[in-house]
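Summary of structural features
If you want the building blocks of each chain, they are given just below.
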Amino acid sequence: MKYFLFVAGFLLLAGVAVAADIDGKWTGEIVGQSMEIAFTFKAEGTTLTGVHIVNGQETPIKNGKIEGNNISFTVTLDMGGETEIPHKGTLSGDQIKMTYEMMGQPGEILVKRAK
């Protein structure tokens, strides 16, 4: 039983340590579109909050989740009506590779930690 509690505690702390590593500003581009994009993320346990920034316009992220190195969230943009865009990504060191789907079209985003 002690071994189980030790392992469970270690895994919980490892998840929090990975989650904390995402805090801050990330910049990059939408792959294939040469469009600059940025995010500011804040981890609170397994909850991810922050903003999505394109052309200087900040939009809050919603439904943000962190599961190990994986993140997911949605951004709602006004495109003649509200359009919800789901994002999924994987954190690897100082880089996050994400996929999204907007109006039935998939896309990729690559961002790196801003210095």
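The structure contained in this document is the topic of the report that follows. (Residues numbered from 1 in each chain as written. Predicted model: local features only at pLDDT ≥ 70, side-chain atom pairs only at ≥ 80, totals over all residues. Heavy atoms only, no water.)

Concerning the environment of Leu110
Mapped onto the elements of the fold, Leu110 is located in strand S8 (residues 105-113). Here the alpha-carbon distance between Leu110 and Thr99, two residues 11 residues apart in the chain, equals 8.9 Å. Setting aside residues up to four positions removed in sequence, Leu110 forms contacts with Thr27, Gly28, Glu29, Val31, Gln95, Ile96 and Lys97. (Helix = DSSP H or I, 4+ residues; strand = E, 2+ residues; numbered from the N terminus. Contact = heavy atoms within 4.5 Å.)

Looking at the pattern of salt bridges
Per the counting criterion, the structure on display carries 2 salt bridges. Of the charged contacts, one joins Asp94 and Arg113 as a salt bridge, the two residues approaching to 3.0 Å between their closest N and O atoms. Of this pair, Asp94 sits in the loop between strand S6 (82-92) and strand S7 (95-102) while Arg113 sits in strand S8; the two residues are 19 residues apart in sequence, bridging distant segments of the chain. Exposure remark for Asp94: the relative accessible area of 45% places this residue in the partly exposed category. On the basis of relative accessible area, Arg113 is assigned to the partly exposed category, the value being 21%. What emerges from the salt-bridge pattern is a single network uniting Asp21, Asp94 and Arg113. (Salt bridge = Lys/Arg side-chain N within 4 Å of Asp/Glu carboxyl O. Buried < 20%, exposed > 50% of the residue type's maximum accessible area, 1.4 Å probe, protein only.)

Details of the side chain of His87
Summarising the element assignment, His87 is placed in strand S6. Classification of His87 by relative accessible area gives buried; the value is 4%. Of note is the side chain of His87, whose polar atom sits 3.0 Å from the backbone oxygen of Ile85. The contacts of His87, once residues within four sequence positions are left out, are Phe39, Ile71, Ser72, Phe73, Val75, Met98, Thr99, Tyr100 and Ile109. (Polar contact = N/O pair within 3.5 Å; in protein donor to acceptor, adjacent residues only side chain to side chain.)

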